[in-house]
There are 2 protein chains.
Amino acid sequence: MTDPDSPEPKFRRRAEARPDEVLDAALSLFDEKGYAHTSVAQIAKTAGLSKGAVYLYFPSKQAILEGLVRRAVSPIATRAQALVDLTSDDARATLRALFSLIATSLGDPKVLAVPKVVIREAVVAPEIAAMYRREVFDHVLPAATEIIRQGIASGQLRPVDPELTLRSIIGPIVVHLLLAEIFDIVPENGLSLDQLIENHLDILFHGVFLSPEGSTDA
Amino acid sequence: MTDPDSPEPKFRRRAEARPDEVLDAALSLFDEKGYAHTSVAQIAKTAGLSKGAVYLYFPSKQAILEGLVRRAVSPIATRAQALVDLTSDDARATLRALFSLIATSLGDPKVLAVPKVVIREAVVAPEIAAMYRREVFDHVLPAATEIIRQGIASGQLRPVDPELTLRSIIGPIVVHLLLAEIFDIVPENGLSLDQLIENHLDILFHGVFLSPEGSTDA
DNA sequence: TGCTACTGACTGACCGGTCAGTTATTTTCT
DNA sequence: AGAAAATAACTGACCGGTCAGTCAGTAGCA
């Protein structure tokens with residue numbers, strides 16, 4: 001399931017590959033049945049070793065969860081840089097690029113599974129939520145906010161609140177996935193992130209109203 | 001806390017008030033520590049009775065969770081009706097009214113706590129997620145979608161996809177709360193739902209761009 | 001022989017659910 | 001009225017099961 005390069009190692013002795021195998025097993029089980037309802041013995045069995053061996057690589061069950069998040073999180077600092085790099089002179093193009101980055105990232109179920117688990121276990125393991133925040137959101141959110149700020153500075157975007165507008169930009173994607181993953185609620189035309197993004201971009205570009213009249217300051 | 005009419009009932013004997021007391025205790029504990037990490041004994045202690053007594057009112061721990069959701073859910077069908085009723089000729093006013101309904105509902109932490117718990121336990125207790133879907137989303141989402149559809153039919157809204165646009169409308173509120181509740185990420189200007197809604201309405205009304213140029217059909 | 005990788009039986013703690021028994025309240029009887 | 005019986009509300013020790021984590025021992029390898 002994990003590595004088809006070794007032909008048939010009846011009793012495998014490859015300490016280096018083990019931690020990743022354990023993490024793979026844990027992720028799929030956590031995603032499927034939740035952290036609390038997954039026993040270390042099940043993780044071990046799925047990974048193809050014994051319970052005791054798991055504890056050679058991870059000091060506790062929670063450490064497995066931590067390792068999982070850490071492994072998922074490390075490439076993201078890179079992505080945040082990519083986010084900055086994709087900024088072009090054309091704010092519209094930048095926005096499109098941003099969405100395509102998000103869509104391709106979150107399209108992979110394995111990537112999506114980690115934040116799902118983190119959100120579920122945030123109450124029980126606040127340190128993990130904090131780590132996820134530190135390693136992901138503290139990189140990605142400021143980068144994205146900065147893009148908006150630049151768009152305003154360059155005169156292409158209207159003078160909206162960058163932080164709040166960021167929520168207006170990514171919010172729809174999150175609910176879309178939330179409704180689908182948790183409640184199995186999918187639009188009639190299917191769960192197409194691309195369609196959602198297309199419709200959402202249209203709204204961001206033009207608003208929802210036909211007539212531009214009506215000044216609406218509070 | 002519940003009934004100040006009996007002065008000092010050292011050993012209280014009021015079977016009628018009990019279930020609600022148990023649910024109150026359970027909600028605060030589930031919200032705080034999660035379902036799995038809350039024992040029935042703790043719920044009992046918090047509610048001020050013994051473990052055995054809890055089982056006089058609820059056949060199982062899961063039934064407590066069900067009761068919690070059921071109690072929270074029952075007023076919502078009414079709200080969905082209110083949602084239909086608030087539809088006016090002015091689509092802008094309708095949208096504002098919709099948001100103010102959402103903001104006042106979700107502003108109450110006790111109301112918000114229930115869907116939070118449901119989302120967390122959805123994997124473990126899919127029947128409960130299904131019930132929540134049936135009793136809440138299956139009423140609220142179609143009602144809201146219909147409002148959008150009417151706005152399009154009356155020529156006030158641009159011909160967007162109603163189902164996807166609904167996600168563009170409510171999405172920002174959900175992420176806003178998600179970021180705040182789970183990751184403690186709050187905008188510089190504070191966690192003000194009103195400000196977020198104001199900014200979001202502005203975007204929905206006018207889009208984010210200054211220049212209306214650039215036709216962007218897929 | 002010595003070392004690394006691994007095993008799985010075992011332990012201690014926790015917890016959902018039960019139930020025999022206790023305490024307060026109400027009803028019935030005198 | 002008060003005593004006695006019946007009933008409703010409640011208690012908490014206990015049982016069975018699960019599970020995270022341990023450890024004495026085994027298997028392959030140099």
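Reading the values: rules and limits
Each chain has its residues counted from 1, running along the sequence as written. Written order decides the labels, with chains lettered from A and ligands numbered from 1. With the structure being a predicted model, the display of local features is reserved for residues of pLDDT at least 70 and the display and counting of side-chain atom pairs for 80 or more, all residues being used for whole-chain, interface and lining totals. Only hydrogens and water are set aside; all other atoms, that is, all heavy atoms of the structure, feed into the side-chain values. Helix and strand labels come from DSSP, where a helix needs a run of H or I of at least four residues and a strand needs a run of E of at least two; each type is numbered from the N terminus. Burial here depends on accessible area, computed with a 1.4 Å probe over protein chains only, as a share of the maximum for the residue type. Under 20% is buried, over 50% is exposed, and the range in between is partly exposed. In this analysis, two residues are considered to be in contact whenever any of their non-hydrogen atoms come within 4.5 Å of each other. All accessible areas in this document rest on Shrake-Rupley with a 1.4 Å probe, and a residue is counted as covered only by the protein chains that are shown. Salt bridges, as used here, are contacts in which a Lys or Arg side-chain nitrogen is within 4 Å of a carboxyl oxygen on Asp or Glu. Once two parts are put together, the accessible area they lose, assessed with a 1.4 Å probe and summed over both, is termed the buried area. The copies were overlaid by least squares, fitting only the C-alpha atoms of residues that reach a pLDDT of 70 or more in each copy. UniProt positions are given in the numbering used here, feature names are shortened, and annotations may be inferred rather than shown by experiment. Every angle, taken between N-to-C directions, lies between 0 and 180 degrees, and every axis is a line fitted to C-alpha atoms, over only the stretch in contact when it is a helix. Comment on the angle field: the value is read as roughly parallel under 35 degrees, roughly antiparallel over 145, roughly perpendicular from 65 to 115, and oblique elsewhere. Crossing chirality is assigned from the near helix's rotation relative to the far helix, an anticlockwise turn below a right angle marking it left-handed and a clockwise turn marking it right-handed. N or O atoms closer than or at 3.5 Å make up a polar contact, with two conditions inside protein: a donor-capable atom paired with an acceptor-capable one, and, for residues adjacent in sequence, both atoms drawn from side chains. Only Phe, Tyr and Trp rings take part, Trp by its six-membered ring, and two of them pair if their centres are within 6.5 Å. Stacked means planes under 30 degrees apart, edge-to-face means over 60, and tilted covers everything else. Charges are assigned to positions over rings by a cutoff of 6 Å between ring centre and Lys NZ or Arg CZ, combined with an angular limit of 35 degrees from the ring normal. Within this scheme, the nonpolar core is defined by two criteria: the residues are buried Ala, Val, Leu, Ile, Met, Phe, Trp, Tyr or Cys, and they are joined through side-chain atoms within 4.5 Å. When charges are counted, Lys and Arg are positive and Asp and Glu negative, with His and the chain ends excluded.

Engineer: Just checking my understanding: could you explain the overall build of chain A for this structure?
Structural biologist: Within chain A, the secondary structure is distributed over nine helices and zero strands. Counting helices and strands in the order they occur from the N terminus, chain A gives α-α-α-α-α-α-α-α-α. Counting all 218 residues of chain A, 46% fall into the buried class. Taking all contacts inside chain A whose residues are at least 6 apart in sequence as the whole, residues at least 24 apart take part in 60%. Carbon and sulfur atoms make up 56% of the accessible area of chain A, which totals about 10,800 Å².

Engineer: Just to check I follow, could you spell out the pattern of salt bridges for this structure?
Structural biologist: All chains considered together, the criterion is met by 22 salt bridges over all chains. Close ionic contact of Arg71 of chain B with Asp24 of chain B constitutes a salt bridge, the shortest N to O distance being 3.1 Å. Of this pair, Arg71 of chain B sits in helix 4 (residues 61–85) while Asp24 of chain B is found in helix 1 (residues 18–33), placing the two residues 47 residues apart along the sequence. A salt bridge links Glu146 of chain B to Arg149 of chain B; the nearest nitrogen and oxygen atoms lie 3.5 Å apart. Placement of the pair is Glu146 of chain B and Arg149 of chain B together in helix 7 (residues 126–153), with a separation of three residues, close to one helical turn. Judged by its relative accessible area of 42%, Arg149 of chain B is partly exposed. Each of Asp20, Asp24, Arg71 and Lys110 of chain A takes part in one network of salt bridges that share partners.

Engineer: Explain the interface of chain A and chain B to me, please; I cannot follow it from the model alone.
Structural biologist: Put simply, an interface is often sized by how much accessible area is lost when its parts join up. Taken together, the contact pairs 68 residues of chain A with 68 residues of chain B. For the pair chain A and chain B, the two sides together bury roughly 6,500 Å², of which 66% comes from carbon and sulfur. A per-residue breakdown of the area chain A buries against chain B is headed by Arg158, Arg167 and Phe209 of chain A, which together make up 13% of the total. Counting across the interface, chain A meets chain B through two salt bridges. Between Asp202 of chain A and Arg158 of chain B there is a salt bridge, with the nearest N and O atoms lying 2.7 Å from each other.

Engineer: Please clarify how the relation of the copies chain A and chain B should be interpreted in this entry.
Structural biologist: The relation between the two copies of this chain is a rotation about an axis and a shift parallel to it. Superposing chain A onto chain B requires a rotation of 180 degrees together with a translation of 0.0 Å along the rotation axis, leaving an RMSD of 0.1 Å. The relationship between the two copies is best expressed as a two-fold rotation axis. Taken together, the interface assignments show that 100% of the residues at the interface of chain A recur at the interface of chain B, consistent with an identical surface on both copies.

Engineer: Before we go on, may I ask you to explain the UniProt feature "DNA-binding region" (unreviewed entry) in chain A in this structure?
Structural biologist: UniProt feature "DNA-binding region" (unreviewed entry): in the numbering of this structure it lies at residues 39–58 of chain A. For the annotated span residues 39–58 of chain A, helix accounts for 75% and strand for 0% of the residues, and the straight-line distance between the end C-alpha atoms is 14 Å.

Engineer: I tried to follow the packing of helix 5 (residues 91–107) of chain A against helix 9 (residues 193–206) of chain A on my own but got confused; where do I start?
Structural biologist: How two helices sit against one another is set out by the angle between their axes and by the gap between those axes. All names here are of chain A. It is at 11 Å that the axes of helix 5 and helix 9 come closest, and there the two elements cross at 155 degrees. Considered as vectors, helix 5 and helix 9 are oriented roughly antiparallel to each other. Here helix 5 runs over helix 9; the crossing is right-handed. Residue-level inspection shows Arg92, Leu95, Arg96, Phe99 and Ala103 of helix 5 in contact with helix 9, the latter providing Leu193, Ile197, Glu198, His200, Leu201, Leu204 and Phe205.

Engineer: Sorry if this is basic, but what is going on with unusual backbone geometry here?
Structural biologist: Note: most residues except glycine have negative phi, and most peptide bonds are trans. Residue Asp184 of chain A is not a glycine yet carries a positive backbone phi of 60 degrees. Relative to the helices and strands, Asp184 of chain A is located in the loop between helix 8 (162–183) and helix 9.

Engineer: When you look at the environment of Asp108 of chain A in this model, what are you seeing that I'm missing?
Structural biologist: Structurally, Asp108 of chain A can be placed in the loop between helix 5 and helix 6 (109–121). Engagement of the side chain of Asp108 of chain A in a polar contact is seen with the backbone nitrogen of Lys110 of chain A, the distance being 2.9 Å.

Engineer: Is there a simple way to think about the packing of aromatic side chains in this case?
Structural biologist: How two aromatic rings sit relative to each other is set out by the distance from centre to centre and by the angle between their planes. Under the defined criterion, the tally for this structure stands at eight aromatic pairs over all chains. Among the aromatic residues, those joined into a ring-pair cluster are Tyr132 and Phe137 of chain A together with Phe183 of chain B. Sitting above the plane of the Phe205 of chain A ring, Arg92 of chain A keeps its charged end 5.3 Å from the centroid. The residue whose ring lies beneath Lys61 of chain B is Tyr35 of chain B, and the NZ or CZ to ring-centre distance is 4.4 Å.

Engineer: Would you take a moment to explain the nonpolar core for this structure?
Structural biologist: Considering soluble globular proteins, one finds that nonpolar side chains tend to be buried as a cluster. Judged by nonpolar contacts, the single largest core of 72 residues is most densely connected at Val69, Leu95 and Tyr132 of chain B. Here this core gets 11 residues from one element, more than from any other, and that element is helix 7 of chain B. The residues touching Leu95 of chain B, leaving out its near neighbours within four places in the chain, are Phe209 of chain A together with Ile169, Leu201, Leu204 and Phe205 of chain B.

Engineer: Mind showing me how you'd approach the side chain of Arg167 of chain A here?
Structural biologist: For Arg167 of chain A, the location among the structural elements is in helix 8. The side chain of Arg167 of chain A is buried and forms no salt bridge, while Glu163 of chain A, the nearest opposite charge, is found at 5.1 Å. At 2.8 Å, the side chain of Arg167 of chain A forms a polar contact with the backbone oxygen of Glu163 of chain A. Setting aside its immediate chain neighbours within four residues, Arg167 of chain A contacts Pro172 of chain A together with Pro172, Val175, His176, Leu179, Ile185, Val186, Pro187 and Leu196 of chain B.

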